[in-house]
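Working through the structure, step by step
Listed below are the residues making up each chain.
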Amino acid sequence: MRLILILGDQLSHDLSALRAARPDDIIVMAEVASEAGCVPHHPQKIAFLFAAMRKFAAELRAKGHTVAYATLDDPDNSQSIPGELLRRAADHGATLVIATEPGEWRLIAALSDLPIPVTQLPDDRFLASHAEFEAWADGRKELRMEWFYRDMRRKTGLLMEGDQPAGGQWNFDHDNRKPARADLLRARPPRFEPDAVTAQVLDLVEARFPDNFGRLRPFTYATDRAGALQVLDHFIAHSLDEFGPYQDAMLQDDPFLHHSILSPYINAGLLSPLEVCQAAADAHAAGKVRLNSAEGFIRQIIGWREYMRGIYFLEGPDYTARNVLGHDRALPPVYWGAPTRMNCMAQAVGQTRDHAYAHHIQRLMVTGNFALLAGIDPHQVHEWYLAVYIDAYEWVEAPNVIGMSQFADGGVVGSKPYVSSGNYIHKMSDYCGGCAYKVADKTGPRACPFNLLYWDFLVRHRERFERNPRIGRAFATWDRMDADRRDRIRADAAAFLTRLEAGEVV
Ligand code: FAD
């Protein structure tokens with residue numbers, strides 16, 4: 001007798017463990033406190049996964065599989081993945097577990113340590129295997145995503161004309177990066193009314209996780225593949241064409257803009273990355289979507305997403321503990337929704353609380369930028385991102401946070417730290433107009449904190465970044481400022497950080 005383990009982010013009917021299943025195998029699925037509580041996950045994230053797991057289990061049963069499913073409130077539930085496997089093995093006399101490799105070192109180790117044999121099959125829902133990524137990385141001085149991405153384009157044939165990229169270029173980012181304007185007619189992602197299964201899960205989550213940061217209702221995410229396919233179709237038909245130009249834009253009270261909101265479904269396994277990209281490429285081929293949008297979107301998935309996973313597994317289990325900049329300030333309460341006078345932070349954190357979602361530039365250039373400039377402990381930043389986003393799993397969250405956003409890995413992911421003064425946020429958003437601070441003020445009581453902290457960060461880390469070709473020039477600007485102004489900026493930054501640490505409203 002054998003057990004087949006299906007984890008909450010493995011809800012794919014063609015999963016390697018399911019392909020290996022025989023008719024008499026027992027499929028084990030479990031809602032466990034050890035996973036739901038490893039960080040204080042956003043209630044919508046827990047609800048999304050539990051509802052999607054219950055519906056996936058029902059689909060497996062309808063296909064004739066035997067599923068041993070433990071709900072969180074099942075009194076027999078041992079509340080951990082290893083515990084559930086051992087309990088089911090004892091119940092059914094099973095002597096072997098077949099799993100698809102989890103996306104987190106912690107769980108891989110837990111399965112390896114089980115007292116019964118576990119076969120961990122490769123997760124081939126990703127385009128690049130561990131061996132393929134290792135071979136790509138081997139001997140390279142810099143692991144730049146762009147080169148990896150080109151290999152993935154060649155491998156998949158997406159937007160390729162023979163061995164050349166469609167349109168003669170691999171990357172059309174110079175056509176992108178435009179600010180957006182408020183538009184009441186902009187399409188919004190489809191909303192799904194909770195059905196009976198989801199409603200029951202919402203009640204459970206409400207009762208069991210009352211103190212977790214984030215609003216549970218209204219809950220409008222899809223929770224099965226059919227719904228996820230509707231989100232995909234809607235995005236391709238209504239938003240993808242404008243995705244490219246506006247992917248870096250941020251707008252007050254418009255949390256989604258032209259983004260796809262597909263990451264929850266792709267990461268949980270309800271959609272495959274390749275089918276999503278193929279749909280985008282087909283829409284371009286049919287003349288419905290401009291090339292820079294299709295290319296930009298496909299690059300995020302077969303480029304960034306695959307690359308981030310490659311980095312996570314290449315760098316090893318200690319990755320989330322890295323902190324080359326020695327940052328140790330505690331994560332301030334503004335990240336948990338405390339009042340703030342910084343409108344950009346209020347917007348990014350507010351929509352995170354409401355939807356368990358923020359788009360890439362909000363994560364990178366608002367909450368991430370602020371944490372890096374303010375010298376927040378990257379591990380605390382990592383745990384925050386892992387907790388609050390509906391799409392967050394360590395394999396993708398950690399390289400984005402520890403690597404790209406916090407530079408805590410010393411430049412494995414990014415060749416420079418993603419830091420900016422208030423100017424970038426002003427250029428790419430309409431946040432600054434409604435802010436208590438003044439983005440034009442570089443010093444003084446109303447100076448935008450990003451302006452103060454930007455210089456303070458660079459000066460604190462001058463030795464490391466002065467010779468960096470992508471950011472080093474900023475030091476010449478700093479050196480040209482008169483000494484009084486430099487002193488004022490640093491004193492204002494220090495005063496701001498003192499207020500931040502004291503828990504004052506900043
Ligand atoms: P879109 O903007 O519509 O992009 C399309 C797809 O591209 C996404 O669905 C996603 O699958 C993929 N994608 C885009 N950028 C990345 C990236 N950098 N890494 C991996 N995939 C990418 N993404 C996660 O899936 N989980 C995370 O926990 C996560 N944490 C992040 C933390 C930080 C600090 C930053 C800067 C980025 C993070 N990202 C994460 C990447 C990105 O922000 C999200 O994938 C994206 O916002 C999801 O929304 P969307 O589906 O509307 O994306």
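Residues numbered from 1 in each chain as written. Predicted model: local features only at pLDDT ≥ 70, side-chain atom pairs only at ≥ 80, totals over all residues. Heavy atoms only, no water.

**Some points on the sheet that holds strand S3 (residues 66–70)**
Worth spelling out the cut-off: Whether two strands pair depends on DSSP finding at least two bridges between them. Per the convention used, a helix needs a DSSP run of H or I reaching at least four residues, while a strand needs a run of E reaching at least two, with both numbered from the N terminus. The angle between two axes is taken between their N-to-C directions and runs from 0 to 180 degrees, where each axis is a line fitted to C-alpha atoms and a helix contributes only its stretch in contact. By definition in these notes, contact holds between two residues if any of their heavy atoms fall within 4.5 Å.
The five strands are arranged S3-S2-S1-S4-S5 in an open sheet whose pairing can be described as parallel. In this open sheet, the two strands that pair with only one neighbour each are S3 and strand S5 (118–121). The mean angle between the axes of side-by-side strands here comes to 25 degrees, regardless of whether they run parallel or antiparallel. Sheet topology note: the strand S1 (residues 2–5)/strand S2 (residues 26–30) ladder contains three bridges and is parallel. Residue Ile 4 lies in a different strand from S2, and its bridge partner there is Ile 27. Of the strands in this sheet, S2 and S3 touch helix H3 (residues 43–62), which is tilted by about 160 degrees from S3.

**Considerations on the environment of Tyr 319**
In this structure, Tyr 319 sits in the loop between helix H13 (291–315) and helix H14 (343–355). A sequence separation of 282 residues divides Tyr 319 from Gly 37, and the C-alpha atoms of the two residues are 21 Å apart. Not counting residues up to four positions away in its chain, the partners in contact with Tyr 319 are Ile 311, Ala 398, Pro 399, Ile 402, Gly 403, Asp 409 and Val 413.

**Here we look at the domain arrangement of the protein chain**
Put simply, the test is: What fixes the domain bounds is an automatic or database domain assignment. Summed over both partners, buried area is the accessible surface (1.4 Å probe) that two parts give up on being assembled. What counts as a salt bridge is simple: a side-chain nitrogen of Lys or Arg found within 4 Å of a carboxyl oxygen of Asp or Glu. What qualifies as a polar contact is a pair of N or O atoms within 3.5 Å, subject to a donor-acceptor requirement within protein and to the restriction that residues adjacent in sequence count only when both atoms come from side chains. The residue classification treats Ala, Val, Leu, Ile, Met, Phe, Trp, Tyr, Cys and Pro as nonpolar and Asp, Glu, Lys and Arg as charged. All others, Gly included, are polar.
Along its sequence, the protein chain is carved into domain 1 (2–121), domain 2 (130–187 + 239–315) and domain 3 (333–501). The C-alpha centroid of domain 3 is placed 25 Å from the C-alpha centroid of domain 2. Counting residues at the interface gives 30 residues for domain 2, matched by 31 residues for domain 3. For the pair domain 2 and domain 3, the summed buried surface comes to about 2,600 Å²; carbon and sulfur atoms form 63% of the total. The interface formed by domain 2 and domain 3 contains zero salt bridges. Where domain 2 touches domain 3, the interface holds ten residue pairs in polar contact (both at pLDDT 80 or more). Contributions of two or more residues to the side of domain 2 that touches domain 3 are made by helix H11 (263–268) and H13. Considering only residue class, the side of domain 2 that touches domain 3 consists of 17 nonpolar, five polar and eight charged.

**Describing helix H4 (residues 81–92)**
Our working rule: An expected span of 1.5 Å times one less than the residue number is assigned to each helix. For the exposure calls, accessible area comes from a 1.4 Å probe over protein chains only, and a residue counts as buried if that area is under 20% of its type's maximum, exposed if over 50%, partly exposed in between.
The end-to-end C-alpha distance of H4 is 16 Å, a good match for the 16 Å that twelve residues give at a rise of 1.5 Å each. Listed as buried for H4 are Ile 81, Gly 83, Glu 84, Leu 85, Arg 87, Arg 88 and Ala 89. Those residues of H4 hidden inside the fold are in contact with S1, S2, helix H2 (33–36), S3, strand S4 (96–100) and helix H5 (105–112). Sitting at the amino-terminal end of H4 is Ser 80, which places a side-chain oxygen 3.0 Å from the backbone nitrogen of Gly 83.

**Notes on a positive patch on the surface**
We count it as follows: To count toward a patch, a residue needs a relative accessible area above 30% and no salt bridge. Like charges then connect within 9 Å, nonpolar side chains (Val, Leu, Ile, Met, Phe, Trp, Tyr) within 5 Å. Accessible areas in this description were obtained via Shrake-Rupley with a 1.4 Å probe; residue shielding takes into account the shown protein chains only. Positive: Lys, Arg. Negative: Asp, Glu. His and the chain ends are not part of the count. A single reference atom marks each charge: NZ on Lys, CZ on Arg, CG on Asp, CD on Glu.
A cluster of basic residues, Arg 341, Lys 438, Arg 446 and Arg 499, forms a positive patch on the protein surface. Summarising the element assignment, Arg 341 is placed in the loop between H13 and H14.

**Quick notes on the site of the ligand**
Convention followed: Proximity criterion: a residue is near a molecule or strand once any of its heavy atoms comes within 4 Å of it.
Near the ligand lie 28 residues; those nearest to it are His 259, Ser 260, Ile 261, Asn 267 and Tyr 357. At 3.0 Å from an oxygen atom of the ligand is found a main-chain nitrogen or oxygen belonging to Leu 262. For the ligand, whose free accessible area comes to 810 Å², the fraction covered by protein is 99%. Listed by contribution, the elements that provide at least two residues to the shell around the ligand are H11, H13, helix H15 (360–373) and helix H17 (394–405). Looking at the shell around the ligand, the element that brings in the most residues is H13, giving six residues. Of the residues that constitute the shell around the ligand, the class distribution is 15 nonpolar, nine polar and four charged. Looking at the shell around the ligand, you find at least three residues from each of domain 2 (130–187 + 239–315) and domain 3 (333–501).

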